[in-house]
Amino acid sequence: MNYKFFIAKRYLFSRSDSKFISFITYISIGGVTLGVAALIITTSILNGFEKEIKDKVAGLVSHVQVNSFLPTGLSNYENAIALMKDSIKDLTGISPIVQKEAVIRMKSNVEGIVLKGIVPETDLSTARNKIINGEFNLTPVDSVFSRLLVGDKLAKKLNIETGNKVIVFGLTGIPTPMNPPKIKQFIVAGVYESGLKDFDDLIIYTDLKTAQKLFNFDNNVTGIEIKLKNVDSAEIVSAKIKKDFGYPFYPKSLFKLFKPLFTWVELQKAPTPIILGLIIIVATFNIIGTLLMLVLEKTQSIGILKSLGASKSEIMKIFLYDGLIIGISGIILGNIIGLGICFMELKYKFFSLPEVYYMKSVPILINPEYIIFISALTILLTFIATLIPSYLASRLDPVKSLRFN
């Protein structure tokens with residue numbers, strides 16, 4: 001074994017020489033451990049929040065939504081869809097929609113909603129996978145009744161159950177005696193729960209043809225939804241569609257459609273790692289204090305080593321090893337604790353969240369790159385923190401060190 005490493009371990013953990021130094025060493029390791037664990041847990045939660053919000057919102061509105069500047073919507077949308085399929089390389093799904101404000105009535109209960117007409121075969125929403133009651137079936141029953149999917153929160157608010165008959169009023173401007181809303185009867189085919197409570201209270205689904213008739217859209221649609229391989233390329237694709245198709249096409253990425261929501265996520269992410277990173281910085285300063293006390297405690301030992309022929313660089317390496325032992329021990333324990341808590345939360349869902357967070361439990365996304373970065377940064381800060389005490393130890397005069405008391 002390297003004698004410098006052997007001496008470094010004896011300095012830190014020797015029970016016979018100084019129990020106080022050993023105690024301070026454990027405190028320093030604990031500080032690094034808490035800092036690393038806190039940063040791993042926090043970044044995993046924030047990454048989980050961002051992914052959950054992206055997935056949930058993308059499941060409701062797609063990655064890119066192409067609307068129209070014209071109140072009559074998009075005509076000849078089939079040709080536009082064919083051209084988009086050819087021009088957008090990472091496109092994985094595309095579907096037309098009719099989406100307008102409406103009013104739903106269940107007996108005496110009335111609520112404002114957004115009715116979304118879709119093509120079930122090509123629909124990009126996750127509603128079909130979020131059915132908690134009934135089934136995903138939007139085929140009209142007959143010429144009088146069509147089928148409808150409602151959100152869980154709206155269903156509870158209006159006391160709606162699968163199989164109930166409801167009435168939807170299609171609004172085409174301000175309702176007046178000269179412009180009455182069109183009325184359509186529906187049978188509730190199923191109830192879905194997306195996890196975004198605000199949307200489960202608002203969006204209901206029916207088939208495209210029914211929505212076109214209800215809002216007097218003939219064969220036009222209000223928009224085209226696009227799904228991509230990589231959601232982060234939504235802005236680029238949106239700009240490409242705007243350039244290639246021009247007026248009246250009005251493309252928007254989900255980041256623009258739900259800018260307040262994603263801004264909120266970014267505001268959550270930005271300051272938290274910096275604040276918690278200060279914990280690691282404080283822990284590394286604690287290492288400086290520990291090593292300075294160790295140098296003071298081992299002054300005579302340093303003098304003996306120098307009198308036996310140890311060079312300044314060898315003395316410096318002893319205390320560098322001490323700092324790295326503290327840092328690496330803290331990093332290993334911090335990774336074990338941080339990742340352990342993350343995996344436990346993933347499996348057992350210990351912590352529930354209120355509805356304002358759009359999810360029931362704390363989301364976790366463990367990113368190996370973040371773990372490596374946190375560990376590497378901590379080692380670097382630890383190494384820097386050990387330089388000052390190590391340098392001071394190497395500069396001690398052996399004669400004065402031996403006489404030190």
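Residues numbered from 1 in each chain as written. Predicted model: local features only at pLDDT ≥ 70, side-chain atom pairs only at ≥ 80, totals over all residues. Heavy atoms only, no water.

Things to note about the overall build of the protein
Logical step 1: Each helix and strand in the protein was counted, giving 14 helices and 10 strands.
Logical step 2: For the protein, buried positions account for 48% of its 405 residues.
Logical step 3: Pairs at least 24 residues apart make up 78% of the contacts formed inside the protein by residues separated by at least 6 positions. (Helix = DSSP H or I, 4+ residues; strand = E, 2+ residues; numbered from the N terminus. Buried < 20%, exposed > 50% of the residue type's maximum accessible area, 1.4 Å probe, protein only. Contact = heavy atoms within 4.5 Å.)

Digging into the pattern of salt bridges
Logical step 1: Under the counting rule described, the total for this entry stands at 6 salt bridges.
Logical step 2: Note that D152 and K156 form a salt bridge whose closest N and O atoms lie 3.4 Å from each other. Of this pair, D152 and K156 both sit in helix α4 (residues 152-158), 4 residues apart, which is roughly one turn of that helix.
Logical step 3: For K156, a relative accessible area of 62% translates into the label exposed.
Logical step 4: Between E235 and K256 there is a salt bridge, and its shortest N-O distance comes to 3.9 Å. Of the two residues, E235 sits in helix α7 (residues 234-245) while K256 sits in helix α8 (residues 254-257), which places them 21 residues apart along the sequence.
Logical step 5: Within this structure, E111, K157 and D201 form a network of salt bridges that share partners. (Salt bridge = Lys/Arg side-chain N within 4 Å of Asp/Glu carboxyl O.)

Topic: helix α10 (residues 271-297)
Logical step 1: The terminal C-alpha atoms of α10, which comprises 27 residues, lie 40 Å apart, in line with the 39 Å expected from a rise of 1.5 Å per residue.
Logical step 2: All buried positions along α10 are accounted for by L276, G277, I280, A283, T284, I287, I288, T290, L291, L294 and V295. (Expected span 1.5 Å × (residues − 1).)

Considering the pairing of strand β5 (residues 145-151)
Logical step 1: Summarising burial for β5: 6 of the 7 residues are buried, a large majority.
Logical step 2: Here 7 bridges tie β5 to strand β7 (residues 182-192), and the two strands are oriented parallel to one another. By the bridge assignment for β7, G151 is matched with Y192. (Pairing = 2+ DSSP bridges.)

Let's talk about the packing of α10 against helix α12 (residues 312-348)
Logical step 1: Axis separation between α10 and α12 bottoms out at 11 Å; the angle between their running directions is 140 degrees. Between α10 and α12, the angle is such that the two are oblique. Here the hand of the crossing between α10 and α12 comes out right-handed. The residues of α12 that touch α10, namely those facing I287, T290, L291, L294 and V295, are F319, D322, G323 and I326.
Logical step 2: Residue classes in the contact of α10 with α12 are distributed as 6 nonpolar, 2 polar and 1 charged. (Axes fitted to C-alpha atoms, helices over the stretch in contact; angles between N-to-C directions. Parallel < 35°, antiparallel > 145°, perpendicular 65-115°, else oblique. Left-handed = near helix turned anticlockwise from the far one by under 90°. Nonpolar A, V, L, I, M, F, W, Y, C, P; charged D, E, K, R; others polar.)

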